[in-house]
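Per-entry structural report
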Amino acid sequence: MPINASSLASSFPQLTPSHLPVSYFLLLLLILLYLSMEKIMSKHEHPLNLVDLWSEQLQRKEEREEDEEENEYEEDEEENEDELVANQDFQCLCFLCHEEINWFHRYYYSCSRCSSYTIHKFCAELPDRVEDICEAGHTLVFYQWGHNWNCYICDRPSKILYRCPICCDYVDANCVTKRLQKNIIYHPSHKHPLVCMPKELLYECDACGKEHKGNFYQCRSCAWSNLIHSHCAFLPTKLHIQSTTNDIFSHIHPLTLAYSFPYTDRMSKNFPRCRVCLQGCFINVGSFGCTGKMIKNYEDAEYPNLLHLPFPDPSYSLLKHLFFKEDGLEVTKTHISHPHPLILDDARCTHTTSPTSSRIKSISYHNPMKRIQLLCDGCLRPIMSGPVYVCANEENHCNFVLHEWCSRLPTELKDNPHHPKHPLIFRSKILERFFGVFNCGLCRLPCNGFAYCCATCNYFIDVNCTFLPKEITHNSHPNHLLLLEGDKFICQTCDSFRIPLQKALLIPETTTHMCDKHPMKLSYFPIENHKSEYFCEICEEKLDPESTFYHCRECMQSIHPACAAASIIQYETYAKYENQVHKFVNVKFGGTYDNIKIHPHPLSFEQGIASDGECTKCQDTLQYEMIFRCSNCKFAIHYDCEASVKKERERERERARAIRFLFM
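About the criteria used
- Along each chain, residue indices are assigned from 1 in the same order as the chain's sequence is written.
- The predicted nature of this model means local features are confined to residues of pLDDT at least 70 and side-chain atom pairs, given and counted, to a pLDDT of 80 or more, with totals for whole chains, interfaces and linings taken over all residues.
- Only hydrogens and water are removed before side-chain values are computed, so all heavy atoms of the structure are retained for them.
- Numbering goes from the N terminus for both helices and strands, where a helix is a DSSP run of H or I of at least four residues and a strand is a run of E of at least two.
- A simple rule labels every residue: compare its accessible area, found with a 1.4 Å probe on the protein chains alone, to the largest value its type can have, and call it buried under 20%, exposed over 50%, or partly exposed in between.
- Residues are treated as being in contact if the distance between any of their heavy atoms lies within 4.5 Å.
- Values of accessible area rely on a 1.4 Å probe in the Shrake-Rupley scheme; residue burial ignores everything except the protein chains shown.
- Only buried Ala, Val, Leu, Ile, Met, Phe, Trp, Tyr and Cys residues count toward a nonpolar core, and they belong to the same one when joined by side-chain atoms within 4.5 Å.
- Each Phe, Tyr or Trp ring, with Trp reduced to its six-membered ring, pairs with another whose centre is within 6.5 Å; inter-plane angles below 30 degrees give stacked pairs, above 60 give edge-to-face pairs, and intermediate values give tilted ones.
- Between Lys or Arg on one side and Asp or Glu on the other, a salt bridge is scored when a side-chain nitrogen of the former is within 4 Å of a carboxyl oxygen of the latter.
- Confidence of the predictor at the level of single residues is given by pLDDT, which spans 0 to 100.
- Pairing between strands requires that DSSP locate at least two bridges from one strand to the other.
- Fitted lines through C-alpha atoms give the axes, limited to the stretch in contact for helices. The angle between two N-to-C directions lies from 0 to 180 degrees.
- For the purpose of charge, His is not counted, nor are the chain termini; Lys and Arg are scored as positive and Asp and Glu as negative.

On a plain count of helices and strands, the protein chain comes out with 13 helices and 40 strands. Residues classed as buried in the protein chain amount to 45% of the 664 residues present. Within the protein chain, contacts between residues separated by at least 24 positions form 53% of all contacts whose residues are at least 6 apart in sequence. Working note: accessible area of the protein chain is about 36,300 Å², and carbon and sulfur atoms make up 50% of it.

By size, the foremost hydrophobic cluster in this structure holds 72 residues, and its most contacted members are L319, L409, Y452 and F489. Formed by 35 residues, the second largest nonpolar core is a distinct cluster that contains C92, I101, Y109 and Y162.

What follows deals with the packing of aromatic side chains. Applying the stated rule across the entire model yields 25 aromatic pairs. Between F438 and F460 the ring centres are 6.1 Å apart and the planes differ by 50 degrees, which places this aromatic pair in the tilted class. On the criterion of sequence distance, the pair formed by F438 in strand 25 (residues 438-439) and F460 in strand 28 (residues 459-462) is long-range, its members being 22 residues apart. A relative accessible area of 1% places F438 in the buried class. Accessibility expressed as a relative area gives 5% for F460, which makes it buried. For the ring pair Y534 and F549, a centre distance of 5.7 Å and an interplane angle of 75 degrees mean the geometry is edge-to-face. On the criterion of sequence distance, the pair formed by Y534 in the loop between strand 34 (516-523) and strand 35 (549-552) and F549 in strand 35 is long-range, its members being 15 residues apart. Of the residues examined, F549 reaches a relative accessible area of 0% and is grouped as buried.

What the rule picks out here adds up to eight salt bridges. Here D300 makes a salt bridge to K296, at a shortest N to O gap of 2.9 Å. By relative accessible area, D300 is classed as partly exposed at 45%.

We now examine the confidence of the model for the protein chain. Residues with a pLDDT of 70 or more make up 73% of the protein chain, whose mean pLDDT is 77. Of the regions scoring below 50 in pLDDT, residues 349-360 engages in 20 contacts with residues more than four places distant in sequence or in other chains.

What follows is about the sheet that holds strand 36 (residues 557-559). Strand order in the open sheet formed by four strands is 33-34-35-36, and the pairing between neighbours is antiparallel. Sheet topology places strand 33 (510-513) and strand 36 at the edges, where each strand pairs with a single neighbour. Neighbouring strand axes in the sheet, compared pairwise and without regard to direction, differ in orientation by 30 degrees on average. Relative to strand 34, strand 33 runs antiparallel, the two sharing three bridges. Along strand 34, the bridge assignment pairs T511 with M520. Against the sheet, helix 12 (residues 561-569) makes contact with strand 33, strand 35 and strand 36, and its axis sits at roughly 60 degrees relative to strand 33, the strand it touches most.

The next thing to look at is the pairing of strand 13 (residues 211-214). Only one face of strand 13 is buried: it carries H212 and G214, and the other face, with E211 and K213, is open. Strand direction decides the pairing type here: strand 12 (residues 201-204) and strand 13, joined by four bridges, are antiparallel. From the neighbouring strand, E204 faces strand 13, where its bridge partner is E211. Between strand 12 and strand 13, which pair antiparallel one after the other, the connecting turn spans six residues, and G209 there sits at a positive phi close to 80 degrees.

Taking every second residue as pointing to the same face, both faces of strand 21 (residues 388-391) are buried, with V388 and V390 on one and Y389 and C391 on the other. As paired elements, strand 20 (residues 338-345) and strand 21 share four bridges and run antiparallel to each other. If you follow I343 over to strand 21, its bridge partner there is V390. Two strands pair when backbone bridges link them, and strand 21 and strand 22 (residues 401-403) are joined in this way by three bridges, in the antiparallel orientation. Looking across to strand 22, one finds that V390 is bridged to V401.

Bringing the sheet that holds strand 29 (residues 471-474) into the picture now. Spatially, the five strands line up as an open sheet ordered 18-29-30-31-32, and their pairing is mixed. Each having just a single partner strand, strand 18 (307-309) and strand 32 (498-500) make up the two edges of the open sheet. Neighbour-to-neighbour, the strand axes of the sheet open up by a mean angle of 35 degrees, direction not taken into account. Two elements, strand 30 (residues 482-485) and strand 31 (residues 488-491), share four bridges in a ladder whose sense is antiparallel. Looking at the pairing, L483 lines up with I490 of strand 31.

Before going further, it helps to examine the environment of W103. Structurally, W103 can be placed in the loop between strand 3 (100-102) and strand 4 (107-111). Judged by relative accessible area, which is 4%, W103 ranks as buried. Taking the C-alpha atoms as reference, W103 lies 7.8 Å from W54; in sequence the two are 49 residues apart.

Attention now goes to the side chain of E509. Position of E509 among the secondary structure elements: in the loop between helix 11 (501-506) and strand 33. Of the side chains bearing the opposite charge, K521 lies closest to the buried E509, which forms no salt bridge; the N-O distance is 4.3 Å. Filtering out sequence-adjacent residues up to four positions away, E509 remains in contact with P310, F311, P312, N475, M520, K521, L522, Y524 and Y550.

The next point concerns helix 12. The buried fraction of helix 12 amounts to nine of the nine residues, a majority that puts the element mostly inside the structure. The inward-facing, buried residues of helix 12 contact strand 33, strand 35 and strand 36.

Right under this line is the structure:
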């Protein structure tokens, strides 16, 4: 559709020299002469074919719906996947506007003979003349300059313009098509074409949920339509995720952009979370997102003593982190927690000339692989290496053992962040609680180890929680500070992220178990290329891969964190504990309870197992609970039942004393 000088002149009003000055008329003639010499827009000499980039994919979609054999469909999909990806990555330049033609444009024209000639569908169909663009109401004529002119609307240089011959204004073809609402794209997220809105907006994009300024696309066919910013509309269909997450998360394969995630699919995949920001995936239009979520929000110099969790293995603890020292260890010492002298046992000690132990038998360190249990009587963590203090009184078979760093805990704490009102006093045993078992005021777990207490408030807190700082970082949510609020750590940058302090403090990064010869590492997401169902190797129950669990990549085996903790301390396994932490991880079972009013034989303090049956008092099951068990007969009773009986007897004694006092 070439435009010559005569056709251009015919667009002008009938002007004569009597109407215009001679100089203006001569200038107009020179312009018309120049235009007649310019090849404004030449038709291509060969036929053009309309190409639909989506046709192949739509055809295969119809074939899949008609295919009755699922196996055959899966094979076809694997064979054709690379070819479909190549179509989605298609790019070429438009011969007219010299801009990119891509998959989202869907249609374009190509020459049947010349392989290099391609043109946008809307560029090939640009009209010769357009109305309602010029503010003065004149008709704009299309032509192509040999050099750039600035557009009257957007002020950007362009060679493809519409010109008003009266006002001498130039309008870029892109601006014209926007005004005419013919700048459209065909997007996979919607069944209708999307039209670029004629003016730039400052608005929230319905694809990514963020505020953008610029061009938005909208469907003109639907009564209600999302507004999609141009950046999100033209997101690549394939992406190497590590390039946009500061290497927080990486994946060996490119990720494919999904435009929807139906509820049924999310339910079948255990409601997966985003691998980067850990938030739930609720996709309406489609976005990779999360590109700014994992930017570090603190400076290391401002937090020199920041605690980074989880700890590397079960032998590590917060007390070791704070109080461990290599040199200057006392070979013998006394401690307020034990009536006998204590002797240092440490195979590492080469700096002392005196023997580190006068005991005839050396201790066997905790080793779940060999079913050897050795728990510290202070912090109740496994003792897997020295230095430790053991009781020197071997004749009485005293098995008291204490980490070296647990022997140096302060006797009083002032201004503790978890109880700043009153000082906290160190207690090796809470005598006010039955059998020394109390519920920690911070993590809420039962504990019978060392504690700090406030006599004024009747407040008790175990020694591990006592020194827990208010701010930490955790590998499950890297690069962001987590602030302790109540019994959870929350991220103030990401509103939805929170992790229970039990889970943060008591689940280590790696663990070992007899079912696997390799160390098992903590995972927060489903394992890549894991095609089978997830089952715990210990309890043999199903495992949710969207929750924290341990996994061995060599053997492809997984276990629950609670089952792993039970295995480490050799307790009864149970996968359904709250927050994935074993309920009795802070309880050291053992010891004897003598009470002939309850039972004539001594009772041992244990965790209930299936063979224990039902409680003698309440007839409820004893499995997974704290119980007292007789080794001579089948008698067994819940800890809580015995504690309530003892409390009732104490109340009866109080009433009896009160009655005696009245009659004195």
